[in-house]
Amino acid sequence: MIALTKENCDAEVREEKNLPVVVDFWGPQCVPCMGLMPHYHEMEKEFEGKVKFTSVDCSSNKRVAMGFRVMGLPTFLFWKDGVEVKRLSKDECTVESIRAEIEKLAQGKQ
């Protein structure tokens, strides 16, 4: 899991051309975020080499979240070839919906 900061977020997400990228915006006080986290880590193992998994702790990286126009938690962004192709926010963020989008990225269907 790559922790994104203002120093590395462009290189790891916007400039990534080899693998699609998933970005998990979370916070330690966000109960739904913490509930999704173990599942997200499991998916990282499952899709290793097919999708790049990253995360942003919004409690310590507010500028990164603002740069991606994230207004609420949890939020997941899905990127391919430097372009955001899908965004899930708040109630849309379920284990099933996140997995479905990751599978689309892994299969090149985004």
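Per an unreviewed UniProt entry, the chain goes by Thioredoxin and derives from Synergistes jonesii.

This part covers unusual backbone geometry. For the peptide bond that leads from Leu73 to Pro74, omega is -10 degrees, which places it in the cis range. One non-glycine residue, Asp81, adopts positive backbone phi at about 55 degrees. Its location among the elements puts Asp81 in the loop between strand 4 (75-80) and strand 5 (83-89). Despite not being glycine, Lys90 shows a phi value in the positive range, around 50 degrees. Along the polypeptide, Lys90 turns up in the loop between strand 5 and helix 4 (95-107).

Summed over all chains, the structure comprises 1 disulfide. At a sulfur-sulfur separation of 2.3 Å, the disulfide partner of Cys30 is Cys33. Since a negative S-S torsion denotes a left-handed disulfide, the Cys30-Cys33 link at about 75 degrees is right-handed. Take Cys30 and Cys33: they sit in the same class, and that class is buried. Here Cys9 is not cross-linked by a disulfide; its sulfur's nearest cysteine counterpart is in Cys58, at 12 Å. Among the residues examined, Cys9 registers a relative accessible area of 7% and is labelled buried.

All told, the structure shown has 9 salt bridges when counted by the stated rule. Among the ionic pairs, Lys52 bridges to Glu16, the shortest N-O distance being 2.6 Å. Note that Lys52 is positioned in strand 3 (residues 52-57) and Glu16 in the loop between helix 1 (9-14) and strand 2 (21-26), a separation of 36 residues in sequence. For Lys52, a relative accessible area of 13% gives the class buried. As a salt-bridge pair, Lys45 and Glu42 come within 3.8 Å of each other at their nearest N and O atoms. Here the residue Lys45 and the residue Glu42 both occupy positions in helix 2 (residues 31-46), the gap between them amounting to 3 residues, near one helical turn. What makes Lys45 exposed here is its relative accessible area of 58%. The class for Glu42 is partly exposed, based on a relative accessible area of 47%.

The rules behind these values
Residues numbered from 1 in each chain as written. Predicted model: local features only at pLDDT ≥ 70, side-chain atom pairs only at ≥ 80, totals over all residues. Heavy atoms only, no water. Helix = DSSP H or I, 4+ residues; strand = E, 2+ residues; numbered from the N terminus. Disulfide = S-S within 2.5 Å. Buried < 20%, exposed > 50% of the residue type's maximum accessible area, 1.4 Å probe, protein only. Salt bridge = Lys/Arg side-chain N within 4 Å of Asp/Glu carboxyl O.

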